[in-house]
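Structural overview
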Amino acid sequence: MTVIVTGGAGFIGSNFIFYLLKNHPDHKIVCLDKLTYAGNLSTLSSVLDRIVFEKADICDRKEVERIFEEQKPDVLVNFAAESHVDRSIEDPELFLKTNIIGTSVLMDACRKYGIKRFHQVGTDEVYGDLPLDRPDLFFTEETPLHTSSPYSSSKAAADLLVMAYHRTYGLPVSISRCSNNYGPYQFPEKLIPLMIANALADKALPVYGEGLNVRDWLYVEDHCKAIDLILQKGRVGEVYNIGGHNEMRNIDIVKLICKELGKPESLITFVKDRQGHDMRYAIDPRKIHSELGWLPETRFEDGIKKTIKWYLDNKEWWQEIVSGEYQSYYERMYAKR
Ligand code: NAD
Ligand code: TDX
């Protein structure tokens, strides 16, 4: 079986490639990635001799068609996206192009050349947010789409297009909507790696607002396993929410990172809140559990320790990143906050 993994040089896509190589060594894997600021070929360096790497933009119809003609994929898993909410607030247009147009270009190629499954990697952010005073509420697959940021709006638009291609053209699609991931190879602009990197450098830890926002954290390998199960046993035309009931307030995560690294909480600095900041995300994972038997395997206490150890053991990976384009992004985003 040939699987195209778009965005495979990013955080979750690379972890998914490692997962496939370990659990399905007979699959042929083609990684299609533009290598934006968020994509790093060095992440895949240890497996480049076992996969095909194609540097391409998912919005480039000609290139995507060439890759389909040459590789003849059976399955495509679309991780490629602009993924950072703060960057989407700065520059929405790129998000619309990559996340919406890019998804349609990929699906058009699937229609033209045929595919057994097009899987769209979606996010719980498409459901908007939940109030802090209603801990009884969770996102189900039936929760209406109700987005807050240009990022989540572009992901919701992509999901709607995926379902439209299923209904109109009969494209065999599936969608997963996962909560916040953490683990190795996450780009240091995101909460957990940013706080680890800053704490190690004794730099301020910028917590937005009062740090009371809640996210539902899942170890990245558990997400990869869920997608693999959906590809094998999930029903075509269906949406599956992925999450492990692990809600945490941002401030508690940052304090935990300080504790694990032996750094003082006085590094914590409350800065101007994110515009349109979602309060709480919380997934109801009953559908994927009852239909596919999926349950998360990594407890947060263990996953966060593993993640911190990974960032300590792999300083060269992220130090290279924080010295490049990221530096000017960081200045723009945090200097006057
Ligand atoms: P990431 O930003 O780490 O990686 C994105 C990858 O896509 C990079 O390798 C980048 O080079 C590539 N890419 C970007 N634009 C491209 C284009 N036009 N053509 C080809 N490749 C392109 O993102 P991530 O955190 O790994 O997220 C992967 C997917 O999972 C995204 O679709 C995101 O919306 C979704 N998701 C992420 C999370 C999370 O917590 N990180 C949670 C739920 C869903
Ligand atoms: O410096 C920071 N300070 C801070 O308080 C950063 C970067 C974040 N935060 C807060 C904002 C959020 O409440 O931490 C929380 C997590 O922020 P991010 O890591 O930016 O993630 P989030 O906005 O929740 O979105 C993530 O999860 C869903 C991914 O980036 C998305 O791609 C995914 O769809």
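Described in the following lines is the structure provided in the data block. Since the model is a prediction, treat every value here as computed from it, not as a measurement. (Residues numbered from 1 in each chain as written. Chains lettered and ligands numbered in written order. Predicted model: local features only at pLDDT ≥ 70, side-chain atom pairs only at ≥ 80, totals over all residues. Heavy atoms only, no water.)

Considering the packing of helix H4 (residues 92-113) against helix H5 (residues 150-169)
Keep this limit in mind: For helices, the axis comes from a line fit to the C-alpha atoms of the stretch in contact; other axes are also lines fit to C-alpha atoms, and the angle between any two N-to-C directions lies between 0 and 180 degrees. Helix and strand labels come from DSSP, where a helix needs a run of H or I of at least four residues and a strand needs a run of E of at least two; each type is numbered from the N terminus. Angle categories are assigned with fixed cut-offs, so that under 35 degrees is roughly parallel, over 145 is roughly antiparallel, 65 to 115 is roughly perpendicular, and the rest are oblique. In this scheme the crossing of two helices becomes right-handed for a clockwise turn of the near helix relative to the far one and left-handed for an anticlockwise turn of less than a right angle. Throughout, a residue-residue contact means that at least one pair of heavy atoms, one from each residue, lies within 4.5 Å. In this classification, the charged set is Asp, Glu, Lys and Arg, the nonpolar set is Ala, Val, Leu, Ile, Met, Phe, Trp, Tyr, Cys and Pro, and all remaining amino acids, among them Gly, are polar.
Direction vectors running N to C along H4 and H5 enclose 20°, while the axes themselves pass 9 Å from each other. Judged on the interaxial angle alone, H5 and H4 are roughly parallel. Where H4 crosses over H5, the handedness of that crossing is right-handed. In this structure, H4 uses Pro 92, Phe 95, Leu 96, Asn 99, Ile 100, Thr 103, Ser 104, Met 107, Asp 108 and Arg 111 to contact H5, whose residues at the interface are Pro 150, Tyr 151, Ser 154, Lys 155, Ala 157, Ala 158, Leu 161, Val 162, Tyr 165 and Tyr 169. Here the contact of H4 with H5 is built from residues that sort into 13 nonpolar, 4 polar and 3 charged.

Quick word on unusual backbone geometry
Phi is positive for Tyr 185, close to 70°, though the residue is something other than glycine. In this structure, Asp 202 takes a positive phi of about 55° despite not being glycine. Secondary-structure assignment places Asp 202 in the loop between helix H6 (191-200) and strand E8 (205-208).

Digging into the site of ligand 1
In plain terms, the rule: Note on terminology: near, applied to a residue and a molecule or strand, indicates that one of the residue's heavy atoms is within 4 Å of it. Polar contact criterion, stated in full: a pair of N or O atoms within 3.5 Å, where within protein one must be able to donate a hydrogen and the other to accept it, and residues adjacent in sequence count only if both atoms are side-chain atoms. Only the protein chains shown count as cover for residues, and all accessible areas are computed by the Shrake-Rupley method using a 1.4 Å probe.
Taken together, 28 residues lie around ligand 1, and Ile 12, Asp 33, Ser 83, Tyr 151 and Lys 155 are the ones closest in. One nitrogen or oxygen atom from the side chain of Lys 155 is found 2.7 Å from an oxygen atom belonging to ligand 1. Alone, ligand 1 offers 840 Å² of accessible surface; in the complex the protein occludes 96% of this. Looking at the shell around ligand 1, the elements that each hand over two or more residues are helix H1 (11-23), strand E5 (117-123) and H5. By residue number, the principal contributor to the shell around ligand 1 is E5, which donates 3 residues. Of the residues assigned to the shell around ligand 1, the class counts are 13 nonpolar, 11 polar and 4 charged.

Examining the layout of surface pockets
Note the following rule: Cavity: a set of points on a 1 Å grid over the protein atoms alone where a 1.4 Å probe fits but cannot get out. Pocket: an open set with protein on both sides within 12 Å along at least five of seven lines, its lining residues, like those of a cavity, having an atom within 4 Å of a point. Grid points are joined across faces, edges and corners, and a volume is the space filled by probe spheres set on the points.
The volume enclosed by the largest pocket comes to roughly 280 Å³. If you trace the largest pocket, you find 13 residues lining it, with Lys 272, Gln 275, Arg 332, Met 333 and Arg 337 closest to the centre. At the level of secondary structure, the elements contributing two or more residues to the lining of the largest pocket comprise helix H3 (85-90) and helix H12 (325-334). Grouping the amino acids of the lining of the largest pocket by side-chain chemistry returns 3 nonpolar, 1 polar and 9 charged.

Here's the deal with H6
The α-helix winds at 3.6 residues per turn, so residues separated by three or four positions along the chain end up facing the same way. Put simply, the rule reads: Burial classes: relative accessible area under 20% of the type maximum marks a residue as buried, over 50% as exposed, and values in between as partly exposed (1.4 Å probe, protein chains only).
In terms of burial, H6 is largely enclosed, as 8 of its 10 residues are buried. Looking only at H6, the buried set comprises Ile 192, Pro 193, Leu 194, Met 195, Ile 196, Ala 197, Asn 198 and Ala 199. Packing partners of the buried residues in H6 comprise strand E7 (181-182), E8, helix H8 (250-261), helix H10 (300-313), helix H11 (315-322) and H12.

Some remarks on the site of ligand 2
Neighbouring residues of ligand 2: 22 residues in total, closest Glu 125, Tyr 151, Arg 274, His 277 and Tyr 334. In isolation ligand 2 has 650 Å² of accessible area, and contact with the protein removes 94% of it. Among the elements of the structure, H6 and E8 are those that each provide at least two residues to the shell around ligand 2.

Some points on the pattern of salt bridges
We count it as follows: The salt bridge definition used is simple: a Lys or Arg side-chain nitrogen within 4 Å of an Asp or Glu carboxyl oxygen.
The final tally for this structure, using the stated rule, is 27 salt bridges. With a shortest N-O distance of 2.7 Å, Asp 86 and Arg 274 are connected by a salt bridge. Of this pair, Asp 86 sits in helix H3 while Arg 274 sits in the loop between strand E13 (268-271) and helix H9 (286-292); the two residues are 188 residues apart in sequence, bridging distant segments of the chain. One continuous salt-bridge network, built from bridges that share partners, spans Glu 54, Glu 63, Arg 66 and Glu 70.

A short note on helix H2 (residues 61-71)
Note the cut-off: When we speak of the arc, we mean the arc of directions from the helix axis to the C-beta atoms.
Along H2, the positions that sit buried rather than exposed are Val 64, Glu 65, Ile 67, Phe 68 and Gln 71. For H2, the buried positions fall inside an angular range of 160° around the axis, keeping them on one side. Considering only its buried residues, H2 is in contact with strand E1 (2-6), strand E2 (28-33), strand E3 (52-55), strand E4 (75-78) and H4. Where H2 ends, the next residue or the one after it, Lys 72, has phi of about 45°, a positive value.

Section: the packing of aromatic side chains
Here is the rule we go by: Pairing of aromatic side chains requires ring centres within 6.5 Å, counting the rings of Phe and Tyr and the six-membered ring of Trp. Pairs whose planes differ by under 30 degrees are stacked, by over 60 edge-to-face, and all others tilted. In this scheme, the term charge over a ring applies when either NZ of a lysine or CZ of an arginine sits within 6 Å of the ring centre and within 35 degrees of the ring normal.
The full count for this structure, using the stated rule, is 20 aromatic pairs. Three or more aromatic residues link up through ring pairs in this structure, and these residues are Tyr 37, Phe 187, Tyr 208, Tyr 326, Tyr 329, Tyr 330 and Tyr 334. Against the face of Tyr 329 rests Arg 87, its NZ or CZ located 4.0 Å from the ring centre. In this structure, Lys 287 is placed above the aromatic ring of Tyr 240, and the distance from its NZ or CZ to the ring centre is 4.8 Å.

A look at the nonpolar core
This is how the line gets drawn: Side-chain atoms within 4.5 Å link the members of a nonpolar core, which is a set of buried Ala, Val, Leu, Ile, Met, Phe, Trp, Tyr and Cys residues.
Core analysis: the largest hydrophobic core is formed by 38 residues, its most contacted members being Ile 192, Leu 205 and Ile 257. Elements with a minimum of two residues in this core: H6, E8, H8, E13, H10, H11 and H12. Excluding its chain neighbours within four sequence positions, the residues that come into contact with Ile 257 are Ile 192, Met 195, Ile 196 and Ile 308. Counting residues in hydrophobic clusters, the runner-up holds 33 residues, among them Cys 178, Leu 218, Ile 227 and Tyr 240.

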